[in-house]
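Spelled out, the chains give:
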Amino acid sequence: MIRNNYPPQGGFFSFWRYLKKMFHVTSFYLLIFTHMITGSHAVIKSLIEEGIKVIFGYPGGQIIPIYDALYDYKEEINHVLVRHEQGAVHAAEGYARATGRVGVCFATSGPGATNLVTGIADAMIDSVPVLCITGQVGSNLLGSDAFQEVDMIGITTPITKWNYQITDAAEIPQIIAKAIYIARTGRPGPVVIDIARNAQISNLDFSYKKCSFIESYQPNYSPNLRQIKSAAELINKAKRPLVLSGHGVIISQAQNELLTLIEKASLPTAFTLLGLSTFPSRHPLNMGMLGMHGNYGPNILTNKADVILAIGMRFDDRVTGRLANYAKQARIIHIDIDPAELNKNVRADIPLVADAKIALKALIPLIEKKSRSNWLTEFNKYQKIEKERVIHKEIHPKGNYITMAEVINLLSEKTSGKAVIVADVGQHQMITARYYQSEKTNNFITSGGLGTMGYALPAAIGAQIGTPKNQVIAIIGDGSFQMNIQELATIIQEKIPLKIIILKNNYLGMVRQWQELFYKKRYSFTDLYSPDFVALAKSYTLKAKKIIKRSQLNSCLSDFLKSKRPYLLEINVKNKHNVFPMIPLGASVDEIRLE
Ligand SMILES: Cc1ncc(C[n+]2csc(CCOP(=O)(O)OP(=O)(O)O)c2C)c(N)n1
Ligand SMILES: [Mg+2]
């Protein structure tokens, strides 16, 4: 019988057996020494090599192989299962904003991937380093309208710093290294890697090298020293200088350099929404927030300053008001790492492409010590007017209703300005920005450029996971909360001790304010039914309490802050209330109104 006689013994056949044995031995060694692993394992191993500790995500058909690999690395990397992919990308943003590290999220192809789009756009405009990995159909099916196929590269090209589709497993380590390098360097931003199923399941010879250089992408960190000298001369000669500080100062961790510079030359400094927590609110040179709902003084005096030093900010229209009337009298020095921002909205006399920290370090020794008391007194004058006519009334209201401002003011006092505040979008966001007196660097996180309702709950989850020692508090409107309400389950499953305050005014308040002021009180679809948020929270086993009277406020807030568990407070605030000051749309910064 041939079968029994096989393999034949002796002579040529024992040599044949020897060859076969050697083949098995060599392939075994090949496997060991060449590190053959699947593309999916390579994804996870690459992230581990980059020091990624947490992934926010949601599985589905075309990313199952990557999730299957993840199962083997539970000790090395934490995965947080969100309840909607938008939650994953905002959580990755919150994590990145709070830690300064790259936030990572996973989603499956098709609807999973498209659910990321809002968050990707949000990260792009707010310069947040996020890596989104999406599953994709196998490369043999690409372009065939396969089940859950969507052109994620086409969709995200305008809203990513870089994106790439992997169809060959061998590319995985190098592309992940490149993506992380691009996300976190220069002006940070989101990157998308779309991985076809065949690349996830086929083998590659894994080795990992972090990326530190890309020929075609070389952000310029060091300023031109001639320009620094000219900038110093302008500042030294200035009688009415004003510093505008943006998110770039926080991103480049230049807060100490900024403080040294402004204290040396007595430079009044105002902040964009995302620049707010750069240095203590109570510092005498902190003149408050710029823009539409910013402070009275810095807005009016923008149009009186003779020299403006703008750092890591992009002259967004909410900051500039009517451009044709914006700071025409001032000589402008603009420092930004992104050359595309210079001379984009506002013409700069000295456009300086550089990292904020490096530029400020170079500038400091050239700046003369000055005390500009007359100019600083002008800010104090406007501060006094704003206090008397707006702030005092807001935080000490006479009526028996609660105002958003008094809640935030009390919260600010009780936390000594040291909690990490994550605000959603609307009136409550502007009130939080105005009344939370931040005393700690980088403790105010919100969606600035895109103004994405639904941002705060997932972003706060990310911020709390990234900085577990911080007390993270999400401040959310009743409308915004209902946009990503599902993430309450994530908080419970992950045991995240997040604190949530819902400022409930039964309206899409900010839109209602515009309708009141500019659309003859025609409140078109802005009154808002909401569920009983406390009952809802309790159904998730979340500790929760409702506040309807001022007399409850103090003690309830204290209990809330003391709790070690996640806690939701629903605070019923005055329904039809407006945020002031306000620069009406189309008006210039010095036309800001107090009421
Ligand atoms: C996703 C999204 N949809 C719509 C808007 C437009 N918008 C801006 S503020 C706002 C109202 C927000 O309502 P709420 O969360 O209750 O906050 P409030 O203004 O009442 O404090 C709306 C609808 C937006 N910014 N984002
Ligand atoms: Mg509301």
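Cut-off values and rules
Residues numbered from 1 in each chain as written. Chains lettered and ligands numbered in written order. Predicted model: local features only at pLDDT ≥ 70, side-chain atom pairs only at ≥ 80, totals over all residues. Heavy atoms only, no water. Near = heavy atom within 4 Å. Polar contact = N/O pair within 3.5 Å; in protein donor to acceptor, adjacent residues only side chain to side chain. Areas by Shrake-Rupley, 256 points an atom, 1.4 Å probe, with all protein chains shown as cover. Helix = DSSP H or I, 4+ residues; strand = E, 2+ residues; numbered from the N terminus. Nonpolar A, V, L, I, M, F, W, Y, C, P; charged D, E, K, R; others polar. Core = buried A, V, L, I, M, F, W, Y, C linked by side-chain atoms within 4.5 Å. Buried < 20%, exposed > 50% of the residue type's maximum accessible area, 1.4 Å probe, protein only. Domains from an automatic or database assignment. Contact = heavy atoms within 4.5 Å. Salt bridge = Lys/Arg side-chain N within 4 Å of Asp/Glu carboxyl O. Pairing = 2+ DSSP bridges. Donors = N, O, S within 2.8 Å, 3.2 Å for Na, K, Ca; no water. Axes fitted to C-alpha atoms, helices over the stretch in contact; angles between N-to-C directions. Patch = residues over 30% accessible without salt bridge, like charges linked within 9 Å, V, L, I, M, F, W, Y side chains within 5 Å. Lys, Arg positive; Asp, Glu negative; His and termini not counted. Charge placed at Lys NZ, Arg CZ, Asp CG, Glu CD.

(A) Here's a closer look at the site of ligand 1. Taken together, 18 residues surround ligand 1, and among them Gln 427, Gly 451, Asp 478, Ser 480 and Gly 509 come closest. Taking Gly 451, its main chain carries an N or O atom lying 2.8 Å from a nitrogen atom of ligand 1. Asp 478 places a side-chain nitrogen or oxygen 2.7 Å from an oxygen atom of ligand 1. Within the complex, 77% of the 590 Å² of free accessible area of ligand 1 lies under protein. Breaking the shell around ligand 1 down by element, the ones donating at least two residues are α18 (427-435), α20 (478-481) and α22 (509-518). Counted by class, the shell around ligand 1 contains eight nonpolar, nine polar and one charged residues.

(B) Region of interest: the nonpolar core. Judged by nonpolar contacts, the single largest core of 103 residues is most densely connected at Leu 363, Ile 501 and Ile 571. Ranked by residue count, the leading element in this core is helix α16 (residues 373-395), at seven residues. Formed jointly, this core draws a minimum of three residues from each of two domains, domain 2 (225-377) and domain 3 (402-576). When sequence neighbours within four positions are dropped, the list of residues in contact with Ile 571 reads Ile 402, Val 407, Ile 501, Ile 502, Leu 503, Lys 504, Ile 547 and Leu 553. With 41 residues, the next largest nonpolar core counts Ile 37, Ile 52, Ile 55 and Ile 66 among its residues.

(C) Focus on the domain arrangement of the chain. Each assigned domain of the chain is listed with its residue range as follows: domain 1 (36-205), domain 2 (225-377) and domain 3 (402-576). Spacing between the C-alpha centres of domain 1 and domain 3 amounts to 30 Å. Listed per partner, the contact involves 25 residues of domain 1 and 26 residues of domain 3. Put simply, domain 1 and domain 3 have zero salt bridges between them. Applying the counting rule to domain 1 against domain 3 returns nine residue pairs in polar contact (both at pLDDT 80 or more). Elements that contribute at least two residues to the side of domain 1 that touches domain 3 include exactly β2 (54-57), β3 (78-81), α4 (85-99) and α6 (117-125). The element contributing the most residues to the side of domain 1 that touches domain 3 is α4, with ten residues. Split by residue class, the side of domain 1 that touches domain 3 holds ten nonpolar, nine polar and six charged.

(D) Representation of the pairing of strand β13 (residues 331-336) within the structure. Here β13 lies mainly inside the structure; five of its six residues are buried. Sheet analysis places strand β12 (residues 307-311) next to β13, joined by five bridges and oriented parallel. Bridging from a neighbouring strand, Ala 310 pairs with His 334 of β13. With four bridges joining them, β13 and strand β14 (residues 350-353) adopt parallel strand pairing. Bridge pairing in β14 places Asp 336 opposite Val 353.

(E) Summary view of the coordination of the magnesium ion (ligand 2). Ligation of the magnesium ion (ligand 2) by protein atoms is provided by Asp 478 (OD), Asn 505 (OD1) and Tyr 507 (O), these donors lying 2.1 to 2.2 Å from the ion. The sequence pattern describing where the donors of the magnesium ion (ligand 2) fall on their chain is D-x26-N-x1-Y. Here Asn 505 lies in the loop between β18 (499-504) and α22 and Asp 478 lies in helix α20, a separation of 27 residues in the sequence. The same class applies to Asp 478 and to Asn 505, which are both buried.

(F) Just the side chain of Asp 338, in detail. Along the chain, the position of Asp 338 falls in the loop between β13 and β14. The exposure class assigned to Asp 338 is buried, which follows from its relative accessible area of 18%. A distance of 2.9 Å separates the side chain of Asp 338 from the side chain of Arg 187, its partner in a polar contact.

(G) Structural context of the sheet that holds strand β11 (residues 286-289). The strand order across the open sheet formed by six strands is β11-β10-β9-β12-β13-β14, and the pairing between neighbours is parallel. Every interior strand has two partners, whereas the edge strands, β11 and β14, have only one. Ignoring strand direction, the axes of neighbouring strands in this sheet form an average angle of 15°. Contacts from helix α12 (residues 255-265) reach β9 (241-245), β10 (269-271) and β12, with the element oriented near 170° to β9. Against the sheet, α16 touches β9 and β11, its axis set at about 45° to β11.

(H) Quick peek at a positive patch on the surface. A cluster of basic side chains, namely Lys 538, Lys 543, Lys 545 and Arg 565, defines a positive patch on the protein surface. Turning to its location among the elements, Lys 545 is positioned in strand β19 (residues 543-547). For Lys 545, a relative accessible area of 36% puts it in the partly exposed group.

(I) Fine view of α18. Among the nine residues in α18, nine count as buried, and that is most of the element. Listing the buried residues of α18 in full gives Gln 427, His 428, Gln 429, Met 430, Ile 431, Thr 432, Ala 433, Arg 434 and Tyr 435.

(J) How the structure looks around the pattern of salt bridges. Applying the stated criterion across every chain yields a total of 18 salt bridges. Among the ionic pairs, Glu 341 bridges to Lys 344, the shortest N-O distance being 3.0 Å. By relative accessible area, Glu 341 is classed as buried at 7%. Under the relative-accessibility criterion, Lys 344 is labelled partly exposed at 44%. Taking the shortest distance from any N to any O, the salt bridge between Arg 434 and Glu 386 comes out at 2.7 Å. On the criterion of sequence distance, the pair formed by Arg 434 in helix α18 and Glu 386 in helix α16 is long-range, its members being 48 residues apart. Exposure class is identical for Arg 434 and Glu 386. Each is buried. Connected through shared salt-bridge partners, Arg 187, Asp 338, Glu 341 and Lys 344 make up one network.

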